[in-house]
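Architecture and fold: a report
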Amino acid sequence: MSGAVEVTVSGRQRAILDKWARNKADTPYRLVERCRIILLSADGVSNAAQGRFLNVDRQRPRRWRRRWVMSQERLDAAESKGASERDLSALLAEVLGDRERPGVAPTFSAEQLTKIIALACEKPDESGRPVTHWTPRELADEAIERGIVESISPRHVDRLLKGGISARTRRSTG
């Protein structure tokens with residue numbers, strides 16, 4: 001393995017990881033990929049070989065190996081204390097899950113964004129606006145007036161409508 005972090009997986013852990021890796025229809029893609037990385041790592045497959053096999057860069061197996069090893073003590077302790085299958089599965093899901101990312105919490109909920117988009121689909125004159133087409137300023141004012149949001153800038157409304165909901169917004173609002 002040429003310097004790669006050595007990964008060990010217990011029989012119970014392997015059974016759960018195997019089940020998740022095989023059940024692709026009901027398991028999120030990222031979790032399937034991470035299970036496969038851990039299983040391949042435990043079988044001694046190098047990061048470079050995993051990268052080629054899984055079609056990912058070799059940094060990804062390296063990252064998940066390290067993360068697994070950092071959690072190994074917790075996993076072993078849970079098993080030695082007789083963790084149920086459900087508890088062990090929850091712990092494995094936590095270990096292989098996404099970590100919180102730094103940054104500001106989302107300003108608007110998915111419901112608020114949906115209501116603003118629905119508002120943009122209405123005719124302005126139905127809201128008593130003396131314009132034929134919505135402008136970002138008019139939409140922002142109407143969203144505030146209707147109580148959809150406490151405040152929103154016309155620029156934010158414009159970005160929302162031009163670009164739709166960004167990948168970042170989707171992650172933070174579901």
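Attention here is on the structure that accompanies the text.

About the cut-offs
- Residues numbered from 1 in each chain as written.
- Predicted model: local features only at pLDDT ≥ 70, side-chain atom pairs only at ≥ 80, totals over all residues.
- Heavy atoms only, no water.
- Helix = DSSP H or I, 4+ residues; strand = E, 2+ residues; numbered from the N terminus.
- Rg over C-alpha atoms; globule rule 2.2 N^0.38 Å.
- Buried < 20%, exposed > 50% of the residue type's maximum accessible area, 1.4 Å probe, protein only.
- Contact = heavy atoms within 4.5 Å.
- Arc of directions from axis to C-beta.
- Core = buried A, V, L, I, M, F, W, Y, C linked by side-chain atoms within 4.5 Å.

1. A short note on the overall build of the chain
- Of the regular secondary structure elements, the chain holds 9 helices and 0 strands.
- The order of α-helices and β-strands along the chain, N terminus first, is α-α-α-α-α-α-α-α-α.
- Relative to the 2.2 N^0.38 estimate, which gives 16 Å for 174 residues, the radius of gyration of the chain is 24 Å and therefore markedly larger than a compact globule would have.
- C-alpha extents for the chain along the principal axes are approximately 70 × 35 × 30 Å.

2. Remarks on the environment of Pro61
- Assignment of secondary structure puts Pro61 in helix α4 (residues 59-80).
- According to the relative accessible area criterion, Pro61 is buried, its value standing at 0%.
- Each C-alpha atom, one on Pro61 and one on Gly51, is 7.2 Å from the other, the two residues being 10 residues apart in sequence.
- The residues contacting Pro61, other than those within four sequence positions of it, are Ile37, Asn47, Gln50, Gly51 and Val56.

3. Considering helix α8 (residues 154-163)
- Burial in α8 covers these residues: Pro154, Val157, Asp158 and Leu160. For α8, the buried positions fall inside an angular range of 165 degrees around the axis, keeping them on one side. α8 presents Lys162 and Gly163 as exposed residues on the side facing more than 90 degrees away from its buried surface.
- Considering only its buried residues, α8 is in contact with α6 (110-121) and α7 (136-145).

4. Notes on the side chain of Glu138
- Structurally, Glu138 can be placed in helix α7.
- Setting aside residues no more than four positions away along its own chain, Glu138 makes contact with Arg129 and Val131.

5. Re the nonpolar core
- Of all hydrophobic cores here, the largest spans 24 residues; its most connected members are Leu17, Trp20, Cys35, Ile38, Trp68, Leu92 and Leu96.
- Elements that contribute at least two residues to this core include exactly α1 (11-22), α2 (29-42), α4 and α5 (85-96).
- Excluding residues within four positions of it along the chain, Leu17 makes contact with Val9, Cys35, Ile38, Leu39, Trp68 and Leu96.
- Counting residues in each nonpolar core, the second largest holds 13 residues, with Ala140, Ala143, Ile152 and Val157 among its members.

6. Remarks on the environment of Lys123
- In this fold, Lys123 is placed in the loop between α6 and α7.
- Accessibility expressed as a relative area gives 54% for Lys123, which makes it exposed.
- With 107 residues separating them in the primary sequence, Lys123 and Ile16 have C-alpha atoms 53 Å apart.

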